[in-house]
Amino acid sequence: MPDHLRYTPLPSSFYKKNRKKLIEKLLPDSVALIVANELIISKGDQFYPFVQDSNFFYLTGLEIEKAILALCPHHPSSEYREVLFIPSSNEKSARWKGKPITNEEIYNFSAIEKIIPLEHFKTYFKEMINHTRHIYMDLNSFIEEDQSYSPTLRLLKYVQSNCPFHKLESLKPYLTEMRLIKSEEEIEQIKRAIEITEEAFLDLVPFIKPGLYEYEIEAQVLASFLRLGADGYAFHPIVASGNNANILHYCYNRSKLKENELLLIDIGASYGNYCADITRTLPISGHFTERQLECYEVVLKTLEFASSLFKPGNTIEQVNKEVLRFLEKPLLDLKLISTDNLKNDREKVVQEFFMHGVSHFVGLEVHDVGNKHIPFQPGMILTCEPGLYIDSENMGIRLENMFLITYHSPIVLTSRLPLNPNEIEKLMS
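Below is a summary of the structure that appears in this document. (Residues numbered from 1 in each chain as written. Predicted model: local features only at pLDDT ≥ 70, side-chain atom pairs only at ≥ 80, totals over all residues. Heavy atoms only, no water.)

### A word on the sheet that holds strand 12 (residues 278-283)
Overall, antiparallel pairing links the three strands, which are arranged 8-9-12 in an open sheet. A single partner strand is all that each edge strand has here, and the edge strands are strand 8 (238-241) and strand 12. In this sheet, neighbouring strand axes are inclined to one another by 10° on average, regardless of whether the strands run parallel or antiparallel. (Pairing = 2+ DSSP bridges. Helix = DSSP H or I, 4+ residues; strand = E, 2+ residues; numbered from the N terminus. Axes fitted to C-alpha atoms, helices over the stretch in contact; angles between N-to-C directions.)

Right, dumping it as C-alpha cells:
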C-alpha cells in the first residue's frame, strides 16, 4: 500500500479497462476531457479534505487535484491519444505539502503512460482539436447557476470560446451506464467499506446509554472508522435521538440521549472512495417499550417485504409504490391512519409517516449514479431503507441494508448487524 493512502488501491488494469470501455462509446472524430476536483478553501489558508471527482477517479484511480485527462483515441499520433495533465510542483510546494507523486507512481496507479505538466494543456489540446469534430466533457444536461465554481465548467468556457465550430457532447450518460454495474473489484472495495461500518457499529453499541450526547456517539464512529482503515465518512453521520430522527438528514448531532427514547444511527465508511450506508434504530435504555416495539416490527416487516422486490427488471419506482401499498394495513393497525383517510389519496396518506424513497444506488458516491426508473440488473448495488416517522410520539425509525442484485435473489451485503429486536436488546445488554 502506498504511504499516502489508507486503502489498498485497485489494480491499474481496472482503470485502463474503464477507459477502453468509454472510448468504445465515443464517436471516432472526438476528444474527451475529464477534470479532477480542486481543493476548496475552508478558513484562512486551510482547505477542506480533498475528495476526488468520482468519474475522474473511475477512469484513473488518482487522487491528484487540478489534473485533466484527455482522450483522443483516433489521433494519427499515439502521443496525443491518452494524456494526463498534472500540476507542476516546486521546492516550496513540496516543503509545505510533501513530496509530489511521481510519474512512475501515476503509471502504477492508472496505466497512463503520457504524463505532461498542466501548463502545456492548451498546446496539446489545440493539436487534438485539429483532428476532431466532437468534444466530450463530463457535464450534466442542465447546469445550475450554483455550479459555477466547478473546474469542469471553467474548462467548458475555455472550450466554447476557442472551439466554436466543434460540437459539444456529454460523457455523463456513458459514465453513468458504466458505473451502474459494479465489477468484482468494486464489489470487494464496497464490501470492505461495509465491514468497517459494521465493526464501528458493534464497537458503538456497548457505549450507548442515557445522558450521552449525540456528538459523543459520532466521535466513537469516526475513531472506529479511522482505526479500521477507512478514508473517512461516506457522508456525515446521522446520530438522531428522539424527535431528531424525524429530520431525515439530521446532522447536528448535539442533543442529549434520554431514557426510553430511540436512537437512529445512519452511518457509512468510505474505503478507496467506495461507500457504505447502513441504518439501525436502537433503544437508548437497552429495551424497546411496547409501543416502540410495535412500530419497529412494522419497519422490520416492511424491510423484509421490500427485500424480495430487488430482482432484475424491477425499478426503484416500482419498489416505492409496492412499499407504500404494503404499509397501509400496518398503519391502520397502529391507528396512525383510518379507512376514511385511505378513501382519498392513498399514497399521500401513507407518505405522511414515510415520506422518502425506499432505495438508492451506492458506489463511488453514497447516492450514486442512476435514477428510480432504471431496471435492476445483476451487479448493481442498492440500499433498502424503509422508515416510520411519528412526530406526535417523538419517534423515528429507519432500517437500512445494502443489496447486490443477482440473477436470482439479492445478496444482503450488510447481514452482520442484527435487525431482530430481541437480538438488538441482547447486544445492548
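### A few points about the packing of aromatic side chains
This structure, assessed with the given rule, holds 17 aromatic pairs. A centroid spacing of 4.4 Å and a plane angle of 10° characterise the contact between Phe305 and Phe326, whose relative ring orientation is stacked. Of the two residues, Phe305 is situated in helix 10 (residues 290-307) and Phe326 in helix 11 (residues 316-333); the sequence distance between them amounts to 21 residues. Ring geometry for Phe310 against Phe403: centres 5.1 Å apart, planes inclined by 50°, an arrangement best described as tilted. Linking Phe310 in the loop between helix 10 and helix 11 with Phe403 in strand 16 (residues 401-404), this pair joins segments that are 93 residues apart in sequence. Like Phe310, the residue Phe403 is buried in the burial classification. Members of the aromatic cluster, joined through ring pairs, are Tyr80, Phe85, Phe121, Tyr124, Phe125 and Tyr158. Sitting over the ring of Tyr252, Arg254 keeps its end group 4.4 Å from the ring centre. (Phe/Tyr/Trp six-rings, centres within 6.5 Å; stacked < 30°, edge-to-face > 60°. Buried < 20%, exposed > 50% of the residue type's maximum accessible area, 1.4 Å probe, protein only. Lys NZ or Arg CZ within 6 Å of the ring centre and 35° of its normal.)

### Observations concerning the pairing of strand 12
Of all six residues making up strand 12, six are buried, and the element is well covered by its neighbours. Residue alternation in strand 12 divides its side chains into two sets, Ile278, Arg280 and Leu282 and Thr279, Thr281 and Pro283, and both sets are buried. Here strand 9 (residues 262-267) pairs with strand 12 via six bridges, running antiparallel. Across the sheet, Asp266 pairs through a bridge with Thr279, a residue of strand 12.

### Details of the pattern of salt bridges
Any two side chains of opposite charge can pair, so long as their charged atoms come close to each other. This structure, assessed with the given rule, holds 27 salt bridges. Glu317 is the salt-bridge partner of Lys372, the closest N and O atoms lying 3.5 Å from each other. Of this pair, Lys372 sits in the loop between helix 13 (346-351) and strand 13 (381-384) while Glu317 sits in helix 11, and the two are 55 residues apart along the sequence. Several salt bridges converge on common partners, so that one network encompasses Arg179, Lys182, Glu365 and Asp368. (Salt bridge = Lys/Arg side-chain N within 4 Å of Asp/Glu carboxyl O.)

### Overview of unusual backbone geometry
The phi torsion at Asn260 lies on the positive side, around 65°, for a residue other than glycine. Along the chain, Asn260 falls in the loop between strand 8 and strand 9. Overall, Asn260 belongs to the partly exposed group, its relative accessible area being 47%. Backbone geometry at Asn273 places phi at a positive 75°, although glycine is not the residue there. Within the secondary structure layout, Asn273 lies in the loop between strand 10 (269-271) and strand 11 (274-275). On the basis of relative accessibility, which here comes to 14%, the residue Asn273 falls in the buried class.

### What to know about the side chain of Asn18
Relative to the elements of secondary structure, Asn18 occurs in helix 1 (residues 12-25). Beyond its immediate sequence surroundings of up to four residues, Asn18 is in contact with Tyr58, Leu59 and Met178. (Contact = heavy atoms within 4.5 Å.)

### Things to note about the sheet that holds strand 1 (residues 30-35)
An order of 4-3-2-1-5-6 is seen for the six strands of this open sheet, with the pairing classed as mixed. Lying at the two open borders of the sheet, with one neighbouring strand each, are strand 4 (114-117) and strand 6 (167-170). Put simply, the sheet's adjacent strands are angled 25° from each other on average, direction ignored. Here four bridges tie strand 1 to strand 2 (residues 68-71), and the two strands are oriented antiparallel to one another. Looking at the pairing, Ala32 lines up with Leu71 of strand 2.

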